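So you can see what is in the structure, the chains are spelled out below.
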Amino acid sequence: VRWAWYFKKSSTHTKVARSIPLIRDINVLSRELYMDLRDSGELGTFHLERIGLLMLFQTQKSGDHEMKTAKKAEGLGLEVSYLDRAGLQQLEPDVEIDSLGAIHYECDAHSTPPEVMARFKEYLPQRGVAIHSGEAVLDMTLENGRITKLITDKGAYQPDEVVLAAGSWTAQLSQKMGISLPLQAGKGYRINVHEKTGIRMPAILMEPKMAVTPMNGFTRFAGTMEFSGINDTIRQERVNAIARGAERFYKGLRIPQEAKAEAQCGLRPVSPDGLPYIGRSQKVGNLVFATGHAMMGYSLGPATGLLVSQLISEQPLAMDLSPFSPDRKF
């Protein structure tokens, strides 16, 4: 109830307008860091393309609504163009899309997350990073406003600094330190189709409110924002709705039954105002938060990592962190 009240208080034109340039800046920073990472070759080769994102609409009402957003994006210096049916067909020659047209956000990029994460898991241990898999954090010991011990189901650690990046579980862990962090788990579902779909461009299907991402070796169809607490229950009606939405836009597409049967869900950590929590809390001296990114977690990983690194090492920050403070008032 408290989170819902904060969400309502944050849903004003003034507060949304204040957040828009912040979300732009951290997204652009993160995109450039991804490009730098790819171009450096340190992780080897991995899939990362900057060909943009299509907002596809089947009703003029949705198209007009998105056009207003596109105008705001242009005003913020982002590359945007409008496509009619013919222009859309040129960008997607191998599929027939049932859409009145599209807004093309040329500024966007996409990748294949499992591929990139696999590269990180190979690379980081080579650079001296110890990854403790399957180890649950149970509690923390506080002394004089600092975490002196971090207790897990396999042992204990005496940390100099702690970065709390536990996604939708962050609020539960922060309560152990007397910090009440407004955060809710927003469940999303995804279907991976490994058969060739012909889809080349990432897209948001506006009416069914779902995303389509062509990845390396498969096409991902994803959607929903279900607030039902922390659980991994897969509701088949949600999965079926995603499949129907995709088939409605892409003529001839059929989501295989086995792909729907293998659908998975994941929990996104959602803050009331749509901004992540990045920075220190005044209540615990050696604790840094890095959570609350909602559907932008993977997108904003590099920027968040850079900011956390700069904060802990006391370097100049790439962005002002005060709007992302875990102590901010709603």
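Data block above holds the structure.
What you are looking at is a predicted structure, and each value in this text was computed from that prediction instead of being measured.

Draft legend 1. Layout of the nonpolar core. Counting 28 residues, the largest nonpolar core has Leu54, Leu56, Ile191, Leu205, Phe221, Tyr250 and Ile255 as the members making the most contacts within it. For this core, the element with the most residues is helix H7 (residues 236-249), which contributes five residues. Leave out the neighbours within four places in its chain, and Ile255 touches Ile191, Val193, Phe221, Ala243, Ala246, Glu247 and Lys260. Within the second largest apolar cluster, 17 residues are counted, among which are Leu173, Met177, Leu181 and Tyr277.

Draft legend 2. A look at the sheet that holds strand E7 (residues 137-143). The three strands lie next to each other as E7-E8-E9, forming an open sheet whose pairing is antiparallel. Two strands bound the open sheet, and with one partner strand each, they are E7 and strand E9 (156-157). Where E7 lies against strand E8 (residues 146-152), six bridges are found, and the strand directions are antiparallel. Residue pairing across strands places Met140 opposite Leu150, the latter belonging to E8.

Draft legend 3. Layout of the sheet that holds strand E18 (residues 287-291). Strand order in this open sheet of three strands is E10-E18-E17, and the pairing throughout is mixed. The strands lining the two open edges of the sheet, one partner per strand, are strand E10 (162-164) and strand E17 (277-280). Averaged over neighbouring strand pairs, the angle between their axes works out to 15 degrees when direction is ignored. As paired strands, E10 and E18 are joined by three bridges and run parallel to one another. Bridge pairing links Val162 to Leu287 in E18.

Cut-offs applied
- The written sequence of each chain sets the order in which its residues are numbered from 1.
- pLDDT decides what is reported in this predicted model: residues at 70 or higher carry local features, side-chain atom pairs at 80 or more are listed and counted, and totals for whole chains, interfaces and linings draw on all residues regardless.
- Values shown for side chains rest on all heavy atoms present in the structure; no hydrogens or waters enter the calculation.
- Put simply, a nonpolar core is a bunch of buried Ala, Val, Leu, Ile, Met, Phe, Trp, Tyr and Cys residues held in one set by side-chain atoms that sit within 4.5 Å of each other.
- Note on exposure labels: buried denotes an accessible area under 20% of the residue type's maximum, exposed denotes more than 50%, and partly exposed covers the range between, all computed with a 1.4 Å probe on protein chains only.
- Here a strand is any run of E in DSSP of at least two residues, a helix any run of H or I of at least four, and the numbering for each starts at the N terminus.
- Note on contacts: a residue pair qualifies if any of its non-hydrogen atoms lie within 4.5 Å across the two residues.
- Strands were regarded as paired on the criterion that DSSP finds at least two bridges between them.
- Note on geometry: axes are lines fitted to C-alpha atoms, helical ones only across the stretch in contact, with angles between N-to-C directions running from 0 to 180 degrees.

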